[in-house]
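Structural overview for review
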Amino acid sequence: IARDRGIEFVTAQTTPQQPSHRPLILAQADCTGSVSDVAGAICQAVSASQQLPSAGLVTTLESLADHAGRDAARCILLSENTVVACVAANRFPAIRAVTATESTTLKTSSIACAANVLILSPSDFSVSSLVQIAKAFVLYPTENPPQILTSSQPAKDHHGCSCTNS
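The present account deals with the structure reproduced in this document.

**A short note on the overall build of the protein**
From N to C terminus, the protein includes six helices and five strands. A burial count over the protein gives 36% of its 166 residues as buried. Considering only intrachain contacts with a sequence separation of at least 6, the fraction spanning at least 24 residues in the protein is 66%.

Pasting the structure below:
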């Protein structure tokens, strides 16, 4: 019928999604000061980025987990309570979050953990450093996380453990 009507079907050529086209989701939670200048600079520097509206930590982490799990997005959370936010974030199965106070450690731990969420305090980095971190983060290699991070069940045996459940 299509041929009779002059309609031609052409198979689209698709290319695998490049790391630079991976969405970057930017969020903020538990920041006492305004971080809108930081967020704006990052969004302007990273083409495939979007900023989530400001919300509480739990709501923000739920949104980041949704984007990380559904869209394979990389996420940056700006928070002054980085350790608490990191612990809470890693409770979500779709999130592998890391935090650090300097960029070299951040990159090393991000790649080692195959992190998809960076939790950063805006007071630990300059705006230009945060922009560079964001630009590099979307290009980090996508690898499977270490098995220990994807294991949903803790080890059942207590071999080598000092607890009383031997």
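Structure shown, so let's carry the discussion forward.
**A short note on helix H1 (residues 36-45)**
Every buried residue of H1 is listed here: Val38, Ala39 and Ile42. Buried positions in H1, seen along its axis, are confined to an arc of 95° and lie on one side of it. Packed against the buried residues of H1 are strand E1 (24-28), strand E2 (49-51), strand E3 (74-78) and helix H5 (127-137).

**Thoughts on the packing of aromatic side chains**
Inspection of every chain in the model, using the stated rule, returns zero aromatic pairs. One residue, arginine 74, lies across the ring of phenylalanine 137, its end atom 5.0 Å from the ring centre.

**Details of the pairing of E1**
In terms of residue burial, E1 counts as a mostly covered element, since five of its five residues are buried. Across three bridges, the pairing between E1 and E2 is parallel. Pairing of leucine 24 across the sheet is with serine 49, part of E2. A crossover links E1 with its parallel partner E2, the connecting element being H1, and its sense is right-handed.

Definitions and cut-offs
Residues numbered from 1 in each chain as written. Predicted model: local features only at pLDDT ≥ 70, side-chain atom pairs only at ≥ 80, totals over all residues. Heavy atoms only, no water. Helix = DSSP H or I, 4+ residues; strand = E, 2+ residues; numbered from the N terminus. Buried < 20%, exposed > 50% of the residue type's maximum accessible area, 1.4 Å probe, protein only. Contact = heavy atoms within 4.5 Å. Arc of directions from axis to C-beta. Phe/Tyr/Trp six-rings, centres within 6.5 Å; stacked < 30°, edge-to-face > 60°. Lys NZ or Arg CZ within 6 Å of the ring centre and 35° of its normal. Pairing = 2+ DSSP bridges. Right-handed = clockwise from strand over helix to strand, strands pointing away.

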